[in-house]
Amino acid sequence: PACIRPSDFSALHAVTPNPVRDRAVIAFDLPAPSRFELGIYGVDGRRVRLLDAGARPAGSHRVTWDRRGDHDTAVPAGVYWVRLTTDARTEVQKLLIVR
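Throughout this document, residue positions are counted from 1 along each chain, in the order its sequence is written. Residues qualify for local features only when their pLDDT is at least 70, as the model is predicted, and side-chain atom pairs are given and counted only at 80 or more; totals for whole chains, interfaces and linings, by contrast, use all residues. Side-chain metrics in this entry use all non-hydrogen atoms of the structure; hydrogen atoms and water are not considered.

**What to know about the sheet that holds strand E3 (residues 34-42)**
The pairing of strands in a sheet comes from backbone hydrogen bonds and takes either a parallel or an antiparallel form. The condition that has to hold: The criterion for strand pairing is that DSSP finds at least two bridges linking the strands in question. Numbering of helices and strands runs from the N terminus; a helix is a DSSP stretch of H or I covering at least four residues, while a strand is a stretch of E covering at least two. For every element, the axis is a line fit to its C-alpha atoms; helices are fit only across the contacting stretch, and the angle between N-to-C directions ranges from 0 to 180 degrees.
An order of E4-E3-E6-E7 is seen for the 4 strands of this open sheet, with the pairing classed as antiparallel. Edge positions in the sheet fall to strand E4 (47-56) and strand E7 (90-97), since each of these pairs with one other strand and no more. The sheet shows a mean angle of 15° between the axes of neighbouring strands, direction not considered. Pairing between strand E6 (residues 78-86) and E7: 8 bridges, direction antiparallel. Paired with Arg83 across the strands is Val92, a residue of E7.

**Quick word on the pairing of E4**
Here 8 bridges tie E3 to E4, and the two strands are oriented antiparallel to one another. Paired with Glu37 across the bridge in E4 is Ala53. Hairpin connection between E3 and E4: a loop of 4 residues separates the two successive antiparallel strands, and Gly45 in this loop has a positive phi of roughly 90°.

**What about the environment of Lys94?**
Selection rule: Buried residues are those whose accessible area, probed at 1.4 Å on protein chains only, stays under 20% of the maximum for their type, while exposed residues exceed 50% and partly exposed ones sit between those limits. The contact criterion used is simple: two residues touch if any of their non-hydrogen atoms lie within 4.5 Å.
Within the element layout of this structure, Lys94 appears in strand E7. For Lys94, a relative accessible area of 52% corresponds to the exposed category. When the C-alpha positions of Lys94 and Val43 are compared, they lie 9.5 Å apart, and in sequence the two are 51 residues distant. Leaving out residues up to four positions away in the same chain, Lys94 has contacts with Asn18, Val79, Tyr80 and Trp81.

Here's what the structure looks like:
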């Protein structure tokens, strides 16, 4: 059987900066071409903003978030989750927004 390595899966990098005041950069790697969805979620699990979705080639990718929700309004300070879902897996990271 084939050996599965951590590099075979997507990797959601640390959000920078964290905590966030104005903008956040979210970087992730795809080991192979893949469909994906990258979003920001509240602690209640509801999606706050869909940042990007679709298909991307293998490699490193970056998305900048301006602290706005799906309805183009600024989200309040608090705890949020960044979620990257690909064909292979889902990864989640905590994100703190401060004023």
